[in-house]
Amino acid sequence: MTASPPPPANSSSDAQTVYLQRARVSLRQALNRYTAYFRAARNHPPAASTQTMLKTDMERLSVTLNKLENNVARVAVFGLVSRGKSAVLNALLGQKVLPTGPLNGVTLAPQAVVWSPYGHLQIELIDTPGLDEIDGQTRAEMAQTIANQSDLILFVVAGDITRTEFQALCELRQAQKPLLLVFNKIDLYPEQSRQAIYQSLQRLASTSSTGEPLQRSLSTNEIVLVAADPAPLQVRVEQPDGKVTYEWETPAPIVDSLKEKILQVLQQEGRTLMALNALVQVQR
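Residues numbered from 1 in each chain as written. Predicted model: local features only at pLDDT ≥ 70, side-chain atom pairs only at ≥ 80, totals over all residues. Heavy atoms only, no water.

Asker: Before we go on, may I ask you to explain the confidence of the model for the chain in this structure?
Answerer: As a general rule, the predicted coordinates of low-pLDDT regions are not to be interpreted in detail. Mean pLDDT over the chain: 80, with 85% of residues reaching 70 or higher. The model gives residues 1-11 a pLDDT under 50, and that stretch makes 20 contacts with residues more than four places away or in other chains. (pLDDT = per-residue confidence, 0-100. Contact = heavy atoms within 4.5 Å.)

Below you can see the structure in the form of structure tokens.
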């Protein structure tokens, strides 16, 4: 099946709605072909491995169709351990839904939670295990599968960006999805700026054979600074009688800029991305 090109990201709402409807029709047609195939092969079923593969395809297409029918956008979050991926999502949700902790590897498998920040669009946030805690092949397959099924990718870093993180960024960029680089724990690294982070990426790109595509397509506007779980601060409290005490106070998360950026991308491109992702899955 050959898909017509999507409308531009800045096209009218009507054009995006039409393209979304085309994607729904294509998905239904693909699912009908699978169903017809299984009916025709009832007396002579294919090998068990082939049946498993086809049923997996059907399940993925059904999930994608359900996502389109319910206007659900999917945002996947990647990063190494201890970068605060789950904390970033909890801060966006406004409550601690996903487990966090001081130990590495709290998130052991991909987890999904629904975020409804406004209106008719629901957002499915996908939290993933630390990329450096999974062996190479499994990590690559997991990341590729989730990235391909997502409409927007968040990559969380904190402190100096390592070569492992840079490599993972380049690999995720190959999914050709909008990507935001989220620099977490800015309260611990106040000297960082979007320009300084971008320059670090440029230095890594200059010594990497895979860095050029990332350097070309990732701009400073796609770098967001947050503090998802700020460290407690000691504050001076003066009592009415003049007595001075010191107490520990936990500042509120700083994630408004990330929330605004996510909503901006999805408001401008969300339905187009959802439709395009659906058609790509059908073609595969």
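Asker: Would you mind showing me how to read the sheet that holds strand β2 (residues 111-115) here?
Answerer: One key point about sheets: their strands pair by backbone hydrogen bonds, in either a parallel or an antiparallel sense. Reading across from one edge, β2-β3-β1-β4-β5-β6 is the order of the six strands in this open sheet, with mixed pairing throughout. Each having just a single partner strand, β2 and β6 (223-225) make up the two edges of the open sheet. Strand-to-strand, the axes of this sheet are offset by a mean angle of 25°, without reference to chain direction. Of the strand pairs in this sheet, strand β5 (residues 179-183) and β6 are connected by three bridges, and their pairing is parallel. Within β6, the residue paired with V182 across the bridge is V224. Each of β1 (72-79), β4 (152-157) and β5 is contacted by helix α5 (residues 163-173), which is oriented at about 180° to β4, the strand it contacts most. In the packing of helix α6 (residues 194-206) onto the sheet, contacts are made with β5 and β6, and the angle to β6 comes to roughly 130°. (Pairing = 2+ DSSP bridges. Helix = DSSP H or I, 4+ residues; strand = E, 2+ residues; numbered from the N terminus. Axes fitted to C-alpha atoms, helices over the stretch in contact; angles between N-to-C directions.)

Asker: Whenever I open this one, unusual backbone geometry confuses me. Can you help?
Answerer: With the exception of glycine, most residues fall at negative phi, and the peptide bonds are largely trans. Even without glycine at this site, S82 takes up a positive phi of about 65°. As for its position among the elements, S82 is in the loop between β1 and α3 (85-93). Non-glycine residue K185 carries a positive phi angle of around 65°. Position of K185 relative to the elements: it lies in the loop between β5 and α6.

Asker: Quick question: what am I supposed to make of the pattern of salt bridges here?
Answerer: Note that side chains of opposite charge can pair when their charged atoms are close. Tallying each qualifying case throughout the model produces four salt bridges. Across the salt bridge formed by R236 and E238, the nearest N and O atoms sit 3.7 Å from each other. One exposure class covers both R236 and E238, and it is exposed. (Salt bridge = Lys/Arg side-chain N within 4 Å of Asp/Glu carboxyl O. Buried < 20%, exposed > 50% of the residue type's maximum accessible area, 1.4 Å probe, protein only.)

Asker: I tried to follow the packing of aromatic side chains on my own but got confused; where do I start?
Answerer: Ring pairs (aromatic) are described by centroid distance and by the angle formed between their planes. Taken as a whole, this structure holds two aromatic pairs when the rule is applied. Taking the centre distance of 5.8 Å and the plane angle of 75° together, the rings of Y37 and F38 count as edge-to-face. Measuring from centroid to centroid gives 6.0 Å for F183 and Y189, while their planes differ by 85°, and the two rings are edge-to-face. Residue Y189 is classed as partly exposed on the basis of its relative accessible area, which comes to 28%. (Phe/Tyr/Trp six-rings, centres within 6.5 Å; stacked < 30°, edge-to-face > 60°.)

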